[in-house]
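# Structure at a glance
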Amino acid sequence: LIRQRRGSAALEALREAARLARDEPRFAYVYGVALYDGVGAARGRAVLDAALTRFPNDRDLLHAVAAYAQAAGDAPAAQRHLQRLHSIEAALAGATP
């Protein structure tokens, strides 16, 4: 839909996918980023923040929320999310067989 230049239809499809697959963080991530880039930063950040509440250890969500917080001038929030991301990455690195 994006390639066909049907942005609003694409956003609607992503919204529906995120709604139907509430246990899949990737759909919420893609929808939030698409909103951020297409409709507005506030709406995209709201979707990503809500998804991060449901999936607090999702690395893609943490990275996006940190980046968007930094872009909005909220350095403390960005740092907090980056520290959480670093902790997860360190735990994963230590868990390798």
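Going by the structure above, here's the rest.
Heads up: these notes are all about the structure in this document. Note that this is a predicted model, so its numbers are computed, not measured.

Rules used throughout
- All residue numbers refer to positions counted from 1 along the written sequence of the respective chain.
- Where local features are concerned, this predicted model is filtered to residues with pLDDT of at least 70; where side-chain atom pairs are given and counted, the filter is 80 or more; whole-chain, interface and lining totals use all residues.
- Side-chain figures throughout are based on the complete set of non-hydrogen atoms in the structure, without hydrogens or water.
- Throughout, nonpolar core names a set of buried Ala, Val, Leu, Ile, Met, Phe, Trp, Tyr and Cys residues whose side chains join them through atoms within 4.5 Å.
- Only protein chains enter the accessibility calculation, which uses a 1.4 Å probe; a residue whose area is less than 20% of its type maximum is buried, one above 50% is exposed, and one in between is partly exposed.
- Strands are runs of DSSP state E lasting at least two residues, helices are runs of H or I lasting at least four, and both sets are numbered from the N terminus onward.
- Any two residues having at least one pair of non-hydrogen atoms within 4.5 Å are treated as being in contact.
- The rule for a salt bridge is simple: a side-chain nitrogen of Lys or Arg has to be within 4 Å of a carboxyl oxygen of Asp or Glu.

Quick look at the nonpolar core now. Core analysis: the biggest nonpolar cluster contains 15 residues, and Tyr29, Leu48, Leu52, Leu61, Leu62, Ala64 and Tyr68 have the highest contact counts within it. Looking at this core, the element that brings in the most residues is helix α4 (residues 59-71), giving 5 residues. Discounting residues that sit within four places of it in the chain, leucine 61 has contacts with Pro25, Tyr29, Leu48, Ala51, Leu52 and Phe55.

Further remarks concern the pattern of salt bridges. Applying the stated criterion to the full structure yields 5 salt bridges. Salt-bridge contacts for arginine 15 lead to glutamate 16; the nearest nitrogen and oxygen are separated by 3.6 Å. Its relative accessible area of 32% is what places arginine 15 among the partly exposed residues. Two residues, glutamate 89 and arginine 59, come together in a salt bridge whose shortest N-O distance is 3.4 Å. You can see glutamate 89 sitting in helix α5 (residues 75-94) and its partner arginine 59 sitting in helix α4, a full 30 residues away along the chain. Given the relative accessible area of 35%, glutamate 89 is considered partly exposed. For arginine 59, a relative accessible area of 39% puts it in the partly exposed group. Beyond isolated ion pairs, a larger network of salt bridges with shared partners links Glu12, Arg15, Glu16 and Arg19.

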